[in-house]
Amino acid sequence: MLRHKFNEALNPAAKDIEIKKLAPLFWQQQHHSHIPADHEFLIELIETKDGHHLYMYPFEGRLVHEVMSALVAFRIAKIQPISFSIAMNDYGFELLSDQPIAITKNNLKQILSADNLTADIAHSINAAEMAGRKFRDIAVIAGLVMKNYAGKFKTDKNLQSSSGIIFRIFEQYDPKNLLMRQAYDEVFYHQLEEPRLAAALQRIQKSKIIIKHATGFTPLSVPIKVDSLRQSLSSEELETKIKKMQTESQKTK
Amino acid sequence: MGNDSCAEIICNGEKLVLSSLKAAYWPSEKTLIIADLHLGKSAYFRNKGIAIPSTVMINDLHRLSKLIENFEANEIIVVGDMFHHNFNSDVSLFEEWRQQYQTIKIRLVPGNHDKLLQIDYEKLNISITKEKYVCGPLSFEHEPKQVFSEEFVISGHVHPGYLMQGKARQAMRLPCFIQSETLLVLPAFSEFTGLFTNHERSGTKNYFVVGGNAIFCF
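None of these values were measured; they are calculated from a predicted model.

Cut-offs applied
Every chain is numbered on its own, with residues counted from 1 as its sequence reads. Working convention: letters from A go to chains and numbers from 1 go to ligands, in the order in which they are written. Restriction of local features to residues with pLDDT of at least 70 applies here, the model being predicted, together with a cutoff of 80 or more for giving and counting side-chain atom pairs; totals for whole chains, interfaces and linings are based on all residues. The basis for every side-chain value is the complete set of heavy atoms in the structure, and neither hydrogens nor water enter the calculation. The secondary structure listing takes helices from DSSP runs of H or I that are at least 4 residues long and strands from runs of E that are at least 2 residues long, numbered from the N terminus. With a 1.4 Å probe rolled over the protein chains alone, any residue whose accessible area is under 20% of its type maximum counts as buried; one over 50% counts as exposed, and the rest are partly exposed. Two residues qualify as a contact provided that any one of their heavy atoms is within 4.5 Å of a heavy atom in the partner residue. For two strands to be treated as a pair, DSSP must find at least two bridges joining them. Only the stretch in contact is used when fitting a helix axis, every axis being a line fitted to C-alpha atoms; angles between N-to-C directions are given from 0 to 180 degrees. Look down the strands so they point away from you; if going from the first strand over the helix to the second traces a clockwise path, that crossover is right-handed. By buried area we mean the combined loss of accessible area, with a 1.4 Å probe, across both parts when two parts are placed together. Here, a salt bridge means any Lys or Arg side-chain nitrogen found within 4 Å of an Asp or Glu carboxyl oxygen. Polar contact criterion, stated in full: a pair of N or O atoms within 3.5 Å, where within protein one must be able to donate a hydrogen and the other to accept it, and residues adjacent in sequence count only if both atoms are side-chain atoms. Here is the rule: rings of Phe, Tyr and Trp (six-membered ring for Trp) pair when centre to centre is within 6.5 Å. Planes less than 30 degrees apart are stacked, more than 60 are edge-to-face, and the remainder are tilted. The criterion for a charge sitting over a ring is simple: Lys NZ or Arg CZ within 6 Å of the ring centre, and within 35 degrees of the ring normal.

Caption draft 1: Fine view of the environment of Pro27 of chain B. Residue and element names in this part refer to chain B. With respect to the element layout, Pro27 can be found in the loop between strand E3 (23-26) and strand E4 (31-34). The class for Pro27 is partly exposed, based on a relative accessible area of 27%. Sequence spacing of Pro27 and Val17 is 10 residues, and the spatial spacing of their C-alpha atoms is 7.6 Å. Ignoring any residue separated from it by four or fewer positions in sequence, one finds Pro27 in contact with Lys15, Leu16 and Val17.

Caption draft 2: Region of interest: the sheet that holds strand E2 (residues 14-19) of chain B. All names here are of chain B. Sheet architecture is open: seven strands sit in the order E1-E2-E3-E4-E5-E6-E7, paired in mixed fashion. Of all the strands in the sheet, the pair left with one neighbour each is strand E1 (6-11) and strand E7 (126-128). Sheet twist, expressed as the mean angle between neighbouring strand axes with direction ignored, is 25°. When E2 meets E3, the two strands line up antiparallel, connected through three bridges. Bridge pairing links Leu18 to Ala24 in E3. Sheet strands in contact with helix H2 (residues 55-71) are E1, E2, E3, E4 and strand E5 (75-78), and its direction is about 150° off that of E4.

Caption draft 3: Spotlight on the pairing of strand E6 (residues 105-108) of chain B. All names here are of chain B. Strand direction decides the pairing type here: E5 and E6, joined by four bridges, are parallel. Counterpart to Ile76 in the pairing with E6 is Ile106. Read as a crossover between parallel neighbours, the route from E5 over helix H3 (residues 89-100) to E6 is right-handed. Inspection of the sheet shows E6 paired to E7 by three bridges, in the parallel sense. In the strand pairing of E7, Arg107 is matched with Ser127.

Caption draft 4: Quick look at the interface of chain A and chain B. Taken together, the contact between chain A and chain B spans 38 residues of the former and 35 residues of the latter. Carbon and sulfur atoms supply 62% of the area buried between chain A and chain B, which totals about 3,000 Å² over both sides. The tally of links between chain A and chain B comes to zero salt bridges. On the surface where chain A and chain B come into contact, there are three residue pairs in polar contact (both at pLDDT 80 or more). Put simply, the parts of the chain that give the side of chain A that touches chain B at least two residues each are strand E3 (83-88), strand E4 (93-97), helix H8 (163-173) and helix H12 (238-252) of chain A. A per-element tally of the side of chain A that touches chain B places H12 of chain A first, with 10 residues.

Caption draft 5: Inspection of the environment of Asp36 of chain B at higher detail. Residue and element names in this part refer to chain B. Within the fold, Asp36 resides in the loop between E4 and helix H1 (41-47). Put simply, Asp36 and Asp114 are 78 residues apart on the chain and 10.0 Å apart in space, counted from C-alpha to C-alpha. Here Asp36 is in contact with Gly80, Asp81, His142, Gly156, His157, His159, Ala188, Phe189 and Ser190, once residues within four sequence places are set aside.

Caption draft 6: How the structure looks around the sheet that holds E3 of chain A. All names here are of chain A. Read from one edge of the open sheet, six strands run E5-E1-E2-E4-E3-E6, paired in mixed fashion. Every interior strand has two partners, whereas the edge strands, strand E5 (208-214) and strand E6 (231-234), have only one. Direction aside, the axes of adjacent strands within the sheet are offset by 20° on average. Sheet topology places strand E1 (residues 40-48) next to E5; seven bridges connect them, and they run parallel. Following the sheet pairing, Leu45 is matched in E5 by His213.

Caption draft 7: Structural context of the packing of aromatic side chains. Throughout the structure, instances matching the rule amount to 15 aromatic pairs over all chains. Look at Tyr55 of chain A and Tyr57 of chain A: their rings are 6.3 Å apart centre to centre, the planes differ by 5°, and that puts the pair in the stacked class. Just as Tyr55 of chain A is buried, Tyr57 of chain A falls in that class too. Plain terms: the ring middles of Trp97 of chain B and Tyr101 of chain B are 4.8 Å apart, the flat faces sit at 40° to each other, and that makes the pair tilted. The pair formed by Trp97 of chain B and Tyr101 of chain B is uniform in burial state, with each residue classed as buried. These aromatic residues form a ring-pair network of at least three members: Phe83, Phe94, Trp97, Tyr101 and Tyr121 of chain B. Between the NZ or CZ atom of Lys41 of chain B and the centre of the ring of Phe192 of chain B, over which it lies, the distance is 4.7 Å. Here the guanidinium or amino end of Arg63 of chain B rests over the ring plane of Phe189 of chain B, the centre of that ring lying 4.2 Å away.

Written as structure tokens, this is what we have:
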């Protein structure tokens, strides 16, 4: 539907009042980057003082993007050691890194390929620590973390902990814990919709891929950029990451 | 020292070695200083119906053994919260561990969690100090407080963590030592603890961040 409307937006004779109202934005998008038509797939590479941004616009809905972004991040991270901060919304997703992202027309086919999908998804779920967030709900329902409602007198102060700590402990010391397995299963089966993801990747493979370099944020990228609910994925060594942040903090001092 | 790294600092004229195994070592007294062991926390949680495995604590004890052997320490000072609550099966495991190190003196500066009975401490061969224990130029107290200028206090209690933020919205939280002019706050020794990162940050403090097997100064 969205893809269809975008197609229409390119047509000056569009009748919808919404499209007419949004014309200036569409014009700006077209001017700075590109408006993807039905058979096209738009990738924007933007460099700002924050770092290097990679935007992809598959228009597949948030749930699919959540997995697809982790998958793309994981496949890029296999090529070079790199850390990403990932954000997504209903029409696209962003990978943000402090280093240039090595993406070219040649390796894109592999990064967006539908081969080896199940294994790569499983790896990217682990790498992006998606199960940890799912575990939060499970831990509360299972009574692993105490939730006190307002006004309730606290009696179990010694039992305070967070689902994050318990998840970390389970991962390290009790990897077969059923509640933790449940978190992984929930991410995999409820959220993943693997057939939809495979279909989306196949559609992307068939479309014409357009890579645009922009100097500032485009109308399509801004709403994703401001999304604060992010996940992260990294293939860098912990110590290299700390050293980097150490030098950065010394610079600002 | 194998692959674990250390940082040396001077506190009130005394040299202290900070280890990435989340302990400080005082060479002139051959003493290890640790904080917030929370022994018995996993069994306490199990007791309340939350299944946390004991291997968490066993791993902490392995780390402690490694420290004792690496530094050839004669004494351990625990600045509070050595035990999470009451005597339980985890503490019995600790008792077994203690058998191997009978010659090492353990001094506990009591913290808010230490609720074992006097008789238990005696059985475990742990001597309890007053709320504040002074040993030469260094003092030990569980909760970090503002202190008088002459003293240098070593504390625990807050489980300090350091929030690092890098370019491209990257962030990491890791345990750390905090050193100021009169105070050294140790990270929690136990792995089954959270991190408190909301402490006041001012320019006069040094942060020693523990990341993996290394220690970094910020």
